[in-house]
Protein chains: 2
Amino acid sequence: MTIKDARTPASTQNTAQADTAENTDTAEDTEAGKSIGWHKAYVEGSRPDLRVPVRQVHLTNGQSVTLYDTSGPYTDPLVGTDVRRGLAPLRENWIIARGDTEEYAGRPVRPEDDGIKHTSPRGGLRNLDAVFPGRPRQPRRGRDGNAVTQLAYARRGEITPEMEYVAVRENVSPEVVREEIAAGRAVLPANINHPEIEPMIIGKRFLVKVNANIGNSAVTSSIEEEVDKMTWATRWGADTVMDLSTGRNIHTTREWVLRNSPVPIGTVPLYQALEKVDGRAEELTWEIYKDTVIEQAEQGVDYMTVHAGVRLPYVPLTANRKTGIVSRGGSIMAAWCLAHHKESFLYENFEELCEILAAYDVTYSLGDGLRPGSIADANDEAQFAELRTLGELNRIAKRCNVQTMIEGPGHVPMHKIKENIDLQQEICDEAPFYTLGPLTTDVAPAYDHITSGIGAAMIAWWGTAMLCYVTPKEHLGLPNRDDVKTGVITYKIAAHAADLAKGHPGAQEWDDALSDARFEFRWEDQFNLALDPDTAREFHDETLPAEPAKTAHFCSMCGPKFCSMKISQDIRRQHGSSKGEIEEGMAQKSKEFAAAGNRVYLPIAD
Amino acid sequence: MTIKDARTPASTQNTAQADTAENTDTAEDTEAGKSIGWHKAYVEGSRPDLRVPVRQVHLTNGQSVTLYDTSGPYTDPLVGTDVRRGLAPLRENWIIARGDTEEYAGRPVRPEDDGIKHTSPRGGLRNLDAVFPGRPRQPRRGRDGNAVTQLAYARRGEITPEMEYVAVRENVSPEVVREEIAAGRAVLPANINHPEIEPMIIGKRFLVKVNANIGNSAVTSSIEEEVDKMTWATRWGADTVMDLSTGRNIHTTREWVLRNSPVPIGTVPLYQALEKVDGRAEELTWEIYKDTVIEQAEQGVDYMTVHAGVRLPYVPLTANRKTGIVSRGGSIMAAWCLAHHKESFLYENFEELCEILAAYDVTYSLGDGLRPGSIADANDEAQFAELRTLGELNRIAKRCNVQTMIEGPGHVPMHKIKENIDLQQEICDEAPFYTLGPLTTDVAPAYDHITSGIGAAMIAWWGTAMLCYVTPKEHLGLPNRDDVKTGVITYKIAAHAADLAKGHPGAQEWDDALSDARFEFRWEDQFNLALDPDTAREFHDETLPAEPAKTAHFCSMCGPKFCSMKISQDIRRQHGSSKGEIEEGMAQKSKEFAAAGNRVYLPIAD
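Residues numbered from 1 in each chain as written. Chains lettered and ligands numbered in written order. Predicted model: local features only at pLDDT ≥ 70, side-chain atom pairs only at ≥ 80, totals over all residues. Heavy atoms only, no water.

### Considering helix α7 (residues 223–235) of chain A
Residues and elements named next belong to chain A.
Alright, step 1. The terminal C-alpha atoms of α7, which comprises 13 residues, lie 18 Å apart, in line with the 18 Å expected from a rise of 1.5 Å per residue.
Alright, step 2. For α7, a buried count of 11 out of 13 residues is recorded, marking the element as mostly surrounded by other parts of the structure.
Alright, step 3. Those residues of α7 that fall on the buried side of the exposure criterion are Ile 223, Glu 226, Val 227, Asp 228, Lys 229, Met 230, Thr 231, Trp 232, Ala 233, Thr 234 and Arg 235.
Alright, step 4. One or two residues past the end of α7 sits Gly 237, with phi positive at roughly 125 degrees. (Helix = DSSP H or I, 4+ residues; strand = E, 2+ residues; numbered from the N terminus. Expected span 1.5 Å × (residues − 1). Buried < 20%, exposed > 50% of the residue type's maximum accessible area, 1.4 Å probe, protein only.)

In C-alpha cells, the structure reads:
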C-alpha cells in the first residue's frame, strides 16, 4: 500500500462548501521549513481505483500521524466538488462489474413524496424549484430479485472492492472483514444506488463508529441547511448520517443529501410514510410503507430503521411506564396496532420487506421502538420483549441475506448498561449493536450529549459497534450547526475512549502522539492532533495569544515558573533521561554528598 | 424536621452578588395561581441554630421537589450578604461550646505571604489595597495540642452539630455519619477557623461530591474574579472549592475566598511555599512549608493537598514515562528530592504535620504527585508505588486523629479505571477517594471536561467519594466563568449518574420528577428541575420562543404531528391508563372486529 499525496499545488479549487474544506496546511510552511498542519492523503489498495482517504497530520518534529478520515472529497483541494452536481460515483464500476444488477425505469417521483398535495400550487412550486439538478440516473436493482448484498458475497467467499476498502481503512486483512460480515457480526452499509460513498464497516471487531442525525421538521430548517449539516458532521468525524426529515420536501432533501454524501445515509421510512397519510397513523398501510421503502431504496438510502419489533401484545407492557413510548416510530406503530387491533404490518410482512432490501443492499437497522425514555423505564419488560423479537427478525433477515444491525436504548443508568449489550449480543447472534447513548440520567436537559456520552463510551467498550450521537438540544429543539459539531465531537470522544479500552490496535498511537507533543511543548502539534484543532487553538490563545507562546515551555494554567512538565524535563536534563541514568546520577550525587560530610543538603528540621 | 420557608416577602435584599442570587421564583405566580420556579428553604434539625438549606422546586402540578443545595446564603433573599464583610460564622457557637479550643495571637501576616518583596512598593500597595476589610478575628486552635477533629469526636462516640447537619443534608441518621467518620470511610472537612461553612460530608456511603478549582496565576486573574468564581461554582453545585492560586496576593485572595465561602476550601500549601522561595524548588525547607501550613490553617483552610507520597526512590520510576510527572506538587517534590538527594521533607516530617493539622481540624488530601498524565502512563509502577505510601501515611494520619482522603488520577483508559479504585480502597483502608476525572483519552484538548466526565462517572459509581472537576480549558489555559460553570455542570452529571448507579436512596426521585414533567409536557417544570434551568429554557426558546409553546404538547424536534409522547398519551386516553385497562380495551376492540367479520382492518397484503 502506498500513500498518495493530494497536497500538490492545487489549481482546481474546492468551490462549493469551501468553508468546510478549509484546513490549516494552506497556511504553509513554518520558519523551520517544515510543513505543519494536516492534509488529505490516500492509501492505495490492490487496484488504482481503490484509494482510501486518510488525514495525515504533519508534526513539527518531522514525524507524521495518519488518522481515519470521514470528511470525503470536500477536504481534498484536488477534487472539485459542487453540491449541485453531487459527488463522483466512486463505486459505480465495482457495482457494474459484478454483473448481478440491472438498471430500470424506477418508480416515478410524485408530489406527495415531498408531502405536497396536488391542490397546493405554492408547495408544488417550491418543490420544483428545489429539485436536484445533478446527473439524471436510472435506479439499479438485483437482477431477477438477486440478493446483491455484501453479506451474500461474503458468504460466498468473495472479497469485494468494498471489503478491501474497509480493510485498508481499518488496517486489518480483507479476509477478517469478509469473515465478520459473513458471520453477521459486522455490516457494510452500501446501497447499490449510492455509489458515491466511501465504504465503511460497523462491527465490534472494528473501530467504534458514530452516527449523526440531521433532518428538517415541520417547524424549521431547509434543504441547504441539511446538506450543510451533513458535510459539517462528516468533517468532524460522523461515520454515517441519518436523515430524519419529517416536514415538507422529504424526498428532495434526501436526494440532495444522498448525492453529496461520502458516508452511508440512514432513514426511518415510516416518517415519510406517515407524512403521506397526513400524520394519521391509523391510515398507514403496508402498501404505502412498501412503496416508500422502494422510493428510498432507489434513491440510495444505505440503511433503514424498521420498527418491526413493536408487536401488538407488547403495547400494554408500556402502560405503567413513566414515559410510555418515546420512539417516534415505536409510538406510530403502537397507535396503528391499537387502532386496528391487529399485529403490526411491519412484523407480518417482514419477509417481503427483506426481499426488497436484499435487491438494493439496504441494511436493516432494526429499531427499538419500545426503548426506555427515562431512567425509571430502563431494562423493563416491554424493552426486552421487543429485543427478543428483534432477535427473531435478525434471523429472518440473515436468511434473506440482508445485512442487519440492532438499535438499542435510550435512557439507562450506568449499572444497567451492561445487561443491554450482553442480552443483545446473545439474543441477536452478535449482530452489530447501534445505540442512542444511553443517557445515564434524566436531570440535565441541554447537556444530554454529556449524560449520554458517558453511557455511550461504556456500552461501546463492552461491544456496541456504532453510537448514535445526541446533541445538546436533545429533548429541547432542533440542533443547529454548532450543536451538530458538539454532538459529533462528544461521540468521537466516546468512540475513541472505547477503542482504547478495547485495545484496538493502533488506537493508542494517536493519544501517544498528542501526549508526546504535550510533554515537549509542541503546541502546534497538540492543536493539529486534537479532535477539534480550532477550538483547542482558540482556547489556548484566549489567555496567551502571542505567537511566541506557541513555543513557550509553559501555559497560562500555571505560568512560567510552575510548569510540572518543565520541571519533569529539567529533571531529565539534569539527571538523565532513562531510569538507569537517573539512578546512576543519583548514586553519583550521593557520593558527592558523602564526600561533603553528608550535611550540606540536610533539611533544617532533621 | 420542619422545612422553613425563606421566600416570604423580602425587604432585606441580597445586594452583593445579586446576579448569582437571581432565581426564577421572583417571576411570581402563574395564571393558575400556582407558584412556580424554586426557592430556598431550610430543614431544621434538633436545635434552632441547625438549619440545613435545600432548594425547593415548585411544580405546576402543585407538587414540589427538594434538592441538595450548595449555593449558600447568596440564594436566600432574606439574608443580606456583603463580600466585604463575609458570611456569618454559622458554626462559631458550636466550636466554642465544645470548650476544647483557644484563641491566640496567631502568626503575623508578612508581605511575602502575598509574594511581595519588601523592596517592591508597587506590589505592597496593591496588597494593602486588597486586604480583607471584614471582621478582625483571632485564630483558634486545639487547647494543649488537642486533636479537635470530627474524627476524634466520632471515635469518642460524640455526634457533633456538624454531623447532625450533614445527616439532615444526606437524609441518613446522625449515627451513620458518626460511624463512617469514625471508621475513616468519610471526612467532614471543617477547619475550626472556617466557621462560615455549611457542613458537608465526603464518603462513598453518601452522595458523590464535586470539587471546583479556582485560583489566580502569575499570568492572569484578580481577587474579585476568584471570589466571583467561587460563588458562581457553588451556585451551580460545587461541594468544595480548591484555591490553587500561584501568583501574587495568594494570602489575601485566600482570605477573601474563605470569608465568603459557604463550602469547604482546599489548598495546596506547597504552591504558596514555592512562591516564598521565588519558585526555586531546591530552596524549599520544612520550616518554610510548616510555616505556610500554619498560616493557612489559621485562615481556615479546610483541607490541604500534601504530596508526601512522592519519595526519592520513586522519582526514577517516572523516567521512562511518556509525560513524566504532571502533578505540579509532585514535580516540585521530585525536583527537591533530586537536588538534595534526600528523602522528601514532607514524608520525613509527616507525623509533625499531622499534629499541626489535628489542632485545627484540617483534613488531609494526600496528593497523587505521580499520577499519570497520559493514557500511556496509566496504572504504572510509579503511580502504584506512591499509592502504597499513601496507604502508609493514611494510617499515621488516622493514628493522629486527622481526617484523610486520598487523591487519584488523572489519565486512565476505561478498562484500567476499576483497578484504581479497588487498589486504593484496599491499600488505604477505604479512606475516601478523591479523583481528577480520570480522562479516558488524550486526544481531545478543549473537551477534557467530557473525556474526564466519562471516567469520573465510572469511578464514582465504583466508589469514589469526590470528583475534582476538569474544565474545557484543561491543558490550554485558565478557566473563565463560563468554563467553571461547564466544568461544574459536567461533574454534577457524573456525580448524579453515579448516585443513580449506586442506588443512592432518593437519587432517582429527581430523575422521575423531571421525566414525569417531560411526559406531561410541563415545560416550565422541566426547566426548573434541570441541572441548568437557564440553558434548558434558552435552548427550547431558540426554536419555539412563543409563550404558548411552553404549554404545547410537542417541541420543535418532531413538530406538532409527530410527537411520540403525545401519541403515547393518546393511546392511554383512548385505551386506558393501566396495563389491565389497555388489555381490556383491546379485548373489546377485538370483539368488535370479530362481529364485523374480522375483515375491516386486515392489512391489504395479508
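### Some details on the sheet that holds strand β16 (residues 466–468) of chain A
Residue and element names in this part refer to chain A.
Alright, step 1. Spatially, the eight strands close up into a barrel ordered β9-β10-β11-β12-β13-β14-β15-β16, and their pairing is parallel. Along the sheet, successive strands turn relative to each other by an average axial angle of 25 degrees, direction set aside.
Alright, step 2. Pairing of strand β10 (residues 240–243) with strand β11 (residues 265–267) involves two bridges; the strand directions are parallel. Across the sheet, the residue bridging to Met 242 is Gly 266, located in β11.
Alright, step 3. Of the strands in this sheet, β9 (209–214) and β10 touch α7, which is tilted by about 165 degrees from β9. (Pairing = 2+ DSSP bridges. Axes fitted to C-alpha atoms, helices over the stretch in contact; angles between N-to-C directions. Contact = heavy atoms within 4.5 Å.)

### Here's the deal with the environment of Ile325(A)
Residues and elements named next belong to chain A.
Alright, step 1. Topologically, Ile 325 is positioned in the loop between β12 (303–306) and α11 (328–340).
Alright, step 2. A relative accessible area of 1% places Ile 325 in the buried class.
Alright, step 3. In the structure, Ile 325 is positioned 134 residues away from Asn 191 in sequence and 31 Å away in space, judged by C-alpha atoms.

### Description of the interface of chain B and chain A
Alright, step 1. Contact residues are listed per partner, giving 134 residues for chain B and 134 residues for chain A.
Alright, step 2. With both sides pooled, the region where chain B packs onto chain A buries about 11300 Å², and carbon together with sulfur makes up 68% of that total.
Alright, step 3. Counting across the interface, chain B meets chain A through four salt bridges.
Alright, step 4. Between Lys322(B) and Asp516(A) there is a salt bridge whose closest N-O contact spans 3.1 Å. (Buried area = accessible area lost by both parts, 1.4 Å probe. Salt bridge = Lys/Arg side-chain N within 4 Å of Asp/Glu carboxyl O.)

### Some words on the packing of aromatic side chains
Alright, step 1. Per the stated rule, a full pass over the model turns up 20 aromatic pairs over all chains.
Alright, step 2. Between Phe350(B) and Tyr364(B) the ring centres are 4.7 Å apart and the planes differ by 15 degrees, which places this aromatic pair in the stacked class. On the criterion of sequence distance, the pair formed by Phe350(B) in helix α13 (residues 350–360) and Tyr364(B) in strand β13 (residues 363–366) is long-range, its members being 14 residues apart. Tyr364(B) matches Phe350(B) in its accessibility class, with the two residues each being buried.
Alright, step 3. Plain terms: the ring middles of Trp461(B) and Trp462(B) are 5.4 Å apart, the flat faces sit at 25 degrees to each other, and that makes the pair stacked.
Alright, step 4. Taking the ring centre of Trp236(A) as reference, the NZ or CZ of Arg235(A) above it sits at 5.0 Å.
Alright, step 5. Directly above the ring of Trp38(B) sits Arg55(B), whose terminal nitrogen or CZ lies 3.7 Å from the centroid. (Phe/Tyr/Trp six-rings, centres within 6.5 Å; stacked < 30°, edge-to-face > 60°. Lys NZ or Arg CZ within 6 Å of the ring centre and 35° of its normal.)

### A few points about the nonpolar core
Soluble globular proteins tend to bury their nonpolar side chains together.
Alright, step 1. In terms of nonpolar packing, the biggest core is built from 291 residues, with Tyr289(A), Tyr364(A), Met414(A), Tyr289(B), Tyr364(B) and Met414(B) touching the most fellow members.
Alright, step 2. Contacts of Met414(A), omitting those with residues within four sequence positions, involve Thr440(A), Ile454(A), Met458(A), Ala457(B), Met458(B), Trp461(B), Ala497(B), Ala498(B) and Ala501(B).
Alright, step 3. Core analysis: the second largest hydrophobic core is formed by 19 residues, Val148(B), Tyr153(B), Ala154(B) and Ile181(B) among them. (Core = buried A, V, L, I, M, F, W, Y, C linked by side-chain atoms within 4.5 Å.)

### Structural notes on helix α9 (residues 269–276) of chain A
Residue and element names in this part refer to chain A.
Alright, step 1. Here α9 lies mainly inside the structure; eight of its eight residues are buried.
Alright, step 2. For α9, the full list of buried residues reads Pro 269, Leu 270, Tyr 271, Gln 272, Ala 273, Leu 274, Glu 275 and Lys 276.
Alright, step 3. In this fold, the buried residues of α9 make contact with α8 (250–260), β11, α10 (286–299), β12 and α11.
Alright, step 4. Asp 278 sits one or two positions beyond α9 and adopts a positive phi of about 60 degrees.

### Let's talk about the UniProt feature "domain: ThiC-associated" (unreviewed entry) in chain A
Alright, step 1. According to UniProt, the positions carrying the feature "domain: ThiC-associated" (unreviewed entry) are residues 39–102 of chain A.
Alright, step 2. From the first C-alpha to the last, residues 39–102 of chain A spans 39 Å; its make-up is 11% helix and 33% strand. (UniProt positions renumbered as here; feature names shortened; annotations may be inferred.)

### Concerning the packing of α7(A) against α8(A)
Residue and element names in this part refer to chain A.
Alright, step 1. Interhelical geometry of α7 versus α8 gives an angle of 30 degrees and a closest axis separation of 9 Å. The angle between α7 and α8 places the two elements in the roughly parallel class. Both α7 and α8 take part in a crossing whose hand is right-handed. Contact residues: α7 offers Ile 223, Glu 226, Val 227 and Met 230, while α8 offers Thr 252, Thr 253, Trp 256, Val 257 and Asn 260.
Alright, step 2. The residue inventory of the contact of α7 with α8, partitioned by class, reads five nonpolar, three polar and one charged. (Parallel < 35°, antiparallel > 145°, perpendicular 65-115°, else oblique. Left-handed = near helix turned anticlockwise from the far one by under 90°. Nonpolar A, V, L, I, M, F, W, Y, C, P; charged D, E, K, R; others polar.)

### Focus: the relation of the copies chain B and chain A
The relation between the two chain copies is a rotation about an axis coupled with a shift along that axis.
Alright, step 1. Least-squares fitting of chain B to chain A yields an RMSD of 0.0 Å, with the superposition described by an axial translation of 0.0 Å and a rotation of 180 degrees. Look at the turn and shift together and you get a two-fold axis relating the two. For chain B, the smallest separation between a C-alpha atom and the rotation axis is recorded for Ile454(B), amounting to 2.3 Å.
Alright, step 2. The fraction of interface residues of chain B whose copies in chain A are also interface residues reaches 100%, indicating that both copies meet through the same surface. (Least-squares fit on C-alpha atoms with pLDDT ≥ 70 in both.)

### Some details on the pattern of salt bridges
Alright, step 1. Within the structure shown, the criterion is met by 80 salt bridges over all chains.
Alright, step 2. Between Lys276(A) and Glu295(A) there is a salt bridge whose closest N-O contact spans 2.7 Å. Of this pair, Lys276(A) sits in helix α9 while Glu295(A) sits in helix α10, and the two are 19 residues apart along the sequence.
Alright, step 3. Of the charged contacts in the structure, one is a salt bridge between Asp368(B) and Arg371(B), with a shortest N-O distance of 3.6 Å.
Alright, step 4. Classification of Asp368(B) by relative accessible area gives buried; the value is 6%.
Alright, step 5. Members of the salt-bridge network, linked through shared partners, are Arg107(A), Arg110(A), Asp113(A), Arg254(A), Lys276(A), Asp291(A) and Glu295(A).

### Considerations on unusual backbone geometry
Alright, step 1. A cis amide bond, omega 10 degrees, links Gly437(A) with the succeeding residue Pro438(A).
Alright, step 2. Phi is positive for Asn401(B), which is not a glycine, with a value near 65 degrees.
Alright, step 3. Tracing the sequence through the fold places Asn401(B) in the loop between α14 (381–399) and β14 (404–408).
Alright, step 4. Look at Ala446(B): it is not a glycine, yet its phi comes out positive at around 90 degrees.
Alright, step 5. Position of Ala446(B) relative to the elements: it lies in the loop between β15 (433–436) and α16 (448–461).

### Describing the pairing of strand β13 (residues 363–366) of chain A
All names here are of chain A.
Alright, step 1. Burial along β13 is two-sided: the face carrying Thr 363 and Ser 365 and the face carrying Tyr 364 and Leu 366 are both buried.
Alright, step 2. Across four bridges, the pairing between β12 and β13 is parallel. Counted as the bridge partner of Tyr 303 is Thr 363 from β13.
Alright, step 3. With helix α14 (residues 381–399) bridging β13 and the parallel strand β14 (residues 404–408), this β-α-β connection has right-handed handedness. (Right-handed = clockwise from strand over helix to strand, strands pointing away.)

### Regarding the packing of helix α9 (residues 269–276) of chain B against helix α10 (residues 286–299) of chain B
Residue and element names in this part refer to chain B.
Alright, step 1. It is the contact of α9 with α10, at a shortest axis distance of 9 Å, that shows an interaxial angle of 125 degrees. Between α9 and α10, the interaxial angle falls into the category oblique. Along this stretch, α9 crosses α10, giving a crossing that reads as right-handed. Across the interface between the two elements, Pro 269, Leu 270, Gln 272, Ala 273 and Lys 276 of α9 pack against Ile 288, Tyr 289, Asp 291, Thr 292, Val 293, Glu 295 and Gln 296 of α10.

### Let's talk about the sheet that holds β13(B)
Residues and elements named next belong to chain B.
Alright, step 1. Overall, parallel pairing links the eight strands, which are arranged β9-β10-β11-β12-β13-β14-β15-β16 in a closed barrel. Recorded for the sheet is a direction-independent mean angle of 25 degrees between the axes of neighbouring strands.
Alright, step 2. Sheet topology places β15 next to strand β16 (residues 466–468); three bridges connect them, and they run parallel. Residue Tyr 434 lies in a different strand from β16, and its bridge partner there is Met 466.

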